[in-house]
Amino acid sequence: MSDHLQPETLALHTGVHRSQFNEHSEAMYLTSSFVFESAAQAAARFSGNEPGNIYSRFTNPTVTAFEERLAALEGAEACIATSSGMSAILACTMGLLSAGDHIVASRSLFGATVNLFNNILKRFNIDTTFVSATDVQSWQAAIQPNTKLFFLETPSNPLTEISDITELSKIAKKAGIWLAVDNCFCTPILQKPLELGADIVIHSATKYLDGQGRVLGGAVLGKRELLMDGGIYGFLRTAGPTLSAFNAWVILKGLETLKLRIEAHSSNALQMAQWLEAQPNVTRVFYPSLASHPQHALAQCQQKSGGGIVTFEVKGGKEAAWRVIDSTRLISITANLGDAKSTLTHPATTTHARISQEARDAAGITDGLLRIAVGLEAVQDLQADLHRGLT
Ligand SMILES: *Cc1c(COP(=O)(O)O)cnc(C)c1O
């Protein structure tokens, strides 16, 4: 079915397995374990000779429905759902890597991902070299004999830098390295990394896939062989960073409106970015669809539109940035993104506060920088809300 249908159709009709009651909306299976008809069936299930559910740490029908639907949208053979975006990254790295392996990662990553690589994986003798998100040659130059994984986000948080997935996948392939792309900002509606040559897609389902800021969730997607036999599924089954059936159901239903929402987020964000560029107290605006964006041309061919995140720098550093935040009445002061409600953050003192000033400077996270995750409100109301603090 998946081969012929458009994303908005797949988001409604894949992963549907009706129970004997023929419910129209997907059922939620809140159960920790599953009953066998006999001792022989239990044995067959445990040995893997018979397919079927055993225990919800590793499979549950509601979670499977979510996995099937997201896999159809990403064009992936397989999907493994996890309890959060961070546990998806943990499952991916613990599943694929061993002590002594090396990662080359974009310098412009989500703060907790940097901490995972630098402070946790490092203790297990997995080292990471951080390179520029946009300089393809620096990835090539950072490869060591033990490099196993390239890891990036595009567009990046918060500066919306665009990494060239196609070019980096060529370098990775030649060197026998897996390329993992955190597709949180674009979602499969705007960008399909596997089609561009990536081996693995990571999601924080907490963001746009849910889309209303309700639950945490995550996913790892890619070839069946890599996910199921390559150790990622084994890690989930053994260690248990499992997506709950309730959260899976919320996100499964969230996927049904993903295309509509992403297109609306994108259209609102573009209007906000253009308006911000015209404000005298705004020194810079970072948004992939603006002609002023350094990788505008690459963004135009790699992703369908700019997405919902706009970052801008105000004159006057931290004090001025905080004034913009504290003058809002509508926009929520919170670090989450991908919510229907717009959210505003000061990266230097929140999401990126735990990394050193030196690393922040290298990443371009200045004190005057603000990130707005543009929601689904009327653009004129959002503009009025920011205007108060900008003047
Ligand atoms: C939020 C986020 C994560 C982590 O996801 P959680 O669900 O919060 O664990 C990873 N990558 C990106 C780009 C994110 O925005």
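Refer to the structure printed above.
To start, this report covers the structure provided alongside it. (Residues numbered from 1 in each chain as written. Predicted model: local features only at pLDDT ≥ 70, side-chain atom pairs only at ≥ 80, totals over all residues. Heavy atoms only, no water.)

## Section: the packing of aromatic side chains
Alright, step 1. With the rule as written, the count across this model stands at four aromatic pairs.
Alright, step 2. An angle of 65° between the planes, with centres 6.2 Å apart, marks the rings of F36 and F46 as edge-to-face. With F36 in the loop between helix 1 (7-13) and helix 2 (39-47) and F46 in helix 2, this residue pair connects regions lying ten residues apart in the sequence.
Alright, step 3. Note on F36: relative accessible area 23%, which makes it partly exposed.
Alright, step 4. On the accessibility criterion, F46 (52% relative accessible area) is exposed. (Phe/Tyr/Trp six-rings, centres within 6.5 Å; stacked < 30°, edge-to-face > 60°. Helix = DSSP H or I, 4+ residues; strand = E, 2+ residues; numbered from the N terminus. Buried < 20%, exposed > 50% of the residue type's maximum accessible area, 1.4 Å probe, protein only.)

## A look at the environment of A44
Alright, step 1. Secondary-structure assignment places A44 in helix 2.
Alright, step 2. Overall, A44 belongs to the buried group, its relative accessible area being 18%.
Alright, step 3. Dropping the residues within four chain positions of it, A44 is found in contact with N49 and E50. (Contact = heavy atoms within 4.5 Å.)

## A short note on the site of the ligand
Alright, step 1. Around the ligand sit S84, G85, M86, F110, E153, D182, C184, S204, T206, K207 and G217, and that is every residue in its neighbourhood.
Alright, step 2. Backbone polar atom of G85 to an oxygen atom of the ligand: 2.8 Å apart, as the coordinates give it.
Alright, step 3. Contact between the ligand and M86: an oxygen atom at 2.9 Å from a main-chain N or O atom of the residue.
Alright, step 4. Starting from 380 Å² of accessible surface for the ligand in isolation, the protein chains cover 93%.
Alright, step 5. A breakdown of the residues in the shell around the ligand according to their chemical character gives three nonpolar, five polar and three charged. (Near = heavy atom within 4 Å. Polar contact = N/O pair within 3.5 Å; in protein donor to acceptor, adjacent residues only side chain to side chain. Areas by Shrake-Rupley, 256 points an atom, 1.4 Å probe, with all protein chains shown as cover. Nonpolar A, V, L, I, M, F, W, Y, C, P; charged D, E, K, R; others polar.)

## Some remarks on the layout of surface pockets
Alright, step 1. By volume, the largest pocket is sized at about 540 Å³.
Alright, step 2. In terms of lining, the largest pocket is formed by 25 residues, of which the most central are T59, T64, E67, M228 and Y233.
Alright, step 3. For the lining of the largest pocket, the secondary-structure elements that each account for two or more residues are helix 2, helix 3 (61-74), strand 1 (78-82), helix 9 (224-229) and helix 10 (232-239).
Alright, step 4. Take the lining of the largest pocket: its biggest share by element is four residues, from helix 3.
Alright, step 5. Residue composition of the lining of the largest pocket, by class: twelve nonpolar, six polar and seven charged. (1 Å grid on protein atoms, 1.4 Å probe; cavity = no way out; pocket = protein on both sides within 12 Å on 5 of 7 lines; lining within 4 Å. Points joined across faces, edges and corners; volume = space filled by probe spheres on them.)

## Things to note about helix 16 (residues 379-390)
Alright, step 1. Under the 1.5 Å per step criterion, the end-to-end length of helix 16 is 16 Å for twelve residues, consistent within 8% with the ideal 16 Å.
Alright, step 2. Those residues of helix 16 that sit buried are V379, L382, Q383, D385, L386, G389 and L390. The buried residues of helix 16 occupy an angular sector of 160° when the element is viewed end-on, so they sit on one face.
Alright, step 3. Those residues of helix 16 that are buried lie in contact with helix 12 (258-277), strand 8 (282-286), strand 9 (309-314), helix 14 (317-326), strand 11 (343-345) and strand 12 (369-373). (Expected span 1.5 Å × (residues − 1). Arc of directions from axis to C-beta.)

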